[in-house]
Amino acid sequence: MRAIIVDSKGPERLRLAEVPEPVPAPHEALVRVSAASLNYGEVVHAHGRQDNGLPPLPDGLVLGADAAGVVVQAAADGSGPAAGTPVVSMGASGGWAELRAVSTATLGVAPADADPGALSTIPVAGMSALRGLKRIGNILGKRILVTGASGGVGRYAIQLARIAGAEVVASARSLDRHGADLRALGATELVGSPAEISTTVDGVLDQVGGQQLVDAFRALAPHGTLVSVGHSSGEPETFPFGALFGDAGRHDRAIVSFFLGAQSDFEADLTWLAAQVGAGTLDPGIVWRDDWANASEAFTALLDRRLGGKAVIEIR
Ligand SMILES: NC(=O)c1ccc[n+]([C@@H]2O[C@H](COP(=O)([O-])OP(=O)(O)OC[C@H]3O[C@@H](n4cnc5c(N)ncnc54)[C@H](OP(=O)(O)O)[C@@H]3O)[C@@H](O)[C@H]2O)c1
């Protein structure tokens, strides 16, 4: 079968290649993939552009966390959906391929008529937004800040926070380009950075890190939680003396780290997100979509930060 693999010696680091078909473990279903989405983290890791403290990806690895398709072989242990079921699938790798062997614990059932390209954006971006917001707690009637709001996670987070009854402040550097669509997704207030916030927020979903995280923490109301999902800025966080004081009006504020890969019980949330995307309640924010033979164009746009939304490759 064909797949996009890591090739550290090649000019593009990621290339379409012929590889052996995956052999599913007993708890894995075999999925015929029709669309997959790209995440900044996996592409930047393959290209070695940001030192994330992780070892380099091995040559030959089939990359791809997010993929949508149809089960062609149900898991041998009897778990998960039957052959013929449309699914959205998540994993550390293996999604950018014609066939994916994937644990049934990370499969969601999709509506039969849903667009696989839209579904493929769900796993990393949609699930991180959903689980990150859940980590903040009950956000009904609360004021929530989403940083890196123009990105894949940020766009889902705006919409999900609105569905959950929050007032959403969206922070993005490129408001001239993205402001109107972030409002259309449900943001009630737009800022160019968290430093501009004058009224405190009850929770933060941070995709950027660095100074933006420090400024977002300063904007946090007592009992508020900042969930640190991403580190797009690549900058360190340096808190000035006093920033962590717990005096009147600033006490009991938390910063929690987040790792989607350490979460569990994905099936129900993936299925729910697939239903929302299928029904058009959630906009997947696709800004680039093409045959996977042209994926290098999307890799470059992603690395150069020109996308502002999700890139989807169609696997034909
Ligand atoms: N912890 C986890 O399990 C987990 C899961 C998913 C994602 N992530 C991480 O979360 C982050 C967001 O993911 P994503 O898929 O949404 O990425 P994305 O689509 O690339 O979006 C990131 C957004 O951050 C903003 N940004 C980028 N560089 C910035 C900078 N130097 N300063 C300020 N803003 C900057 C950009 O918006 P503007 O240019 O419009 O401001 C961009 O739209 C990534 O770092 C990703 O690796 C972590």
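Refer to the structure presented above.
Residues numbered from 1 in each chain as written. Predicted model: local features only at pLDDT ≥ 70, side-chain atom pairs only at ≥ 80, totals over all residues. Heavy atoms only, no water.

## Digging into the pattern of salt bridges
Piece 1. Under the counting rule described, the total for this entry stands at 15 salt bridges.
Piece 2. For the salt bridge of Glu189 with Arg143, the shortest nitrogen-to-oxygen distance reads 2.8 Å. On the criterion of sequence distance, the pair formed by Glu189 in strand 10 (residues 189-191) and Arg143 in strand 8 (residues 143-147) is long-range, its members being 46 residues apart.
Piece 3. Among the residues examined, Glu189 registers a relative accessible area of 25% and is labelled partly exposed.
Piece 4. For the salt bridge of Asp291 with Arg316, the shortest nitrogen-to-oxygen distance reads 3.1 Å. Of this pair, Asp291 sits in strand 14 (residues 286-291) while Arg316 sits in the segment after strand 15 (310-314); the two residues are 25 residues apart in sequence, bridging distant segments of the chain.
Piece 5. When its relative accessible area of 55% is taken as the criterion, Arg316 is described as exposed.
Piece 6. Overlapping salt bridges, with partners in common, bring together Asp115, Arg289, Asp291, Glu314 and Arg316 in one network. (Salt bridge = Lys/Arg side-chain N within 4 Å of Asp/Glu carboxyl O. Helix = DSSP H or I, 4+ residues; strand = E, 2+ residues; numbered from the N terminus. Buried < 20%, exposed > 50% of the residue type's maximum accessible area, 1.4 Å probe, protein only.)

## Side note on the sheet that holds strand 13 (residues 254-257)
Piece 1. Reading across the sheet, the six strands line up as 10-9-8-11-12-13 and stay open at both edges, with parallel pairing between neighbours. Here the strands that pair on one side only, and so sit at the sheet edges, are strand 10 and strand 13. Between one strand axis and the next, the sheet turns by 20° as a mean value, whatever way the strands run.
Piece 2. Sheet topology places strand 9 (residues 167-171) next to strand 10; three bridges connect them, and they run parallel. (Pairing = 2+ DSSP bridges. Axes fitted to C-alpha atoms, helices over the stretch in contact; angles between N-to-C directions.)

## Observations regarding the pairing of strand 9
The side chains of a regular strand alternate, residue by residue, between the two faces of the sheet.
Piece 1. Of all five residues in strand 9, four are buried, a share of seventy percent or more.
Piece 2. Looking at chain direction, strand 8 and strand 9 are connected through five bridges and run parallel. When the bridges of strand 9 are listed, Ile144 appears paired with Val168.
Piece 3. Running through helix 4 (residues 152-163), the crossover from strand 8 to the neighbouring parallel element strand 9 is right-handed. (Right-handed = clockwise from strand over helix to strand, strands pointing away.)

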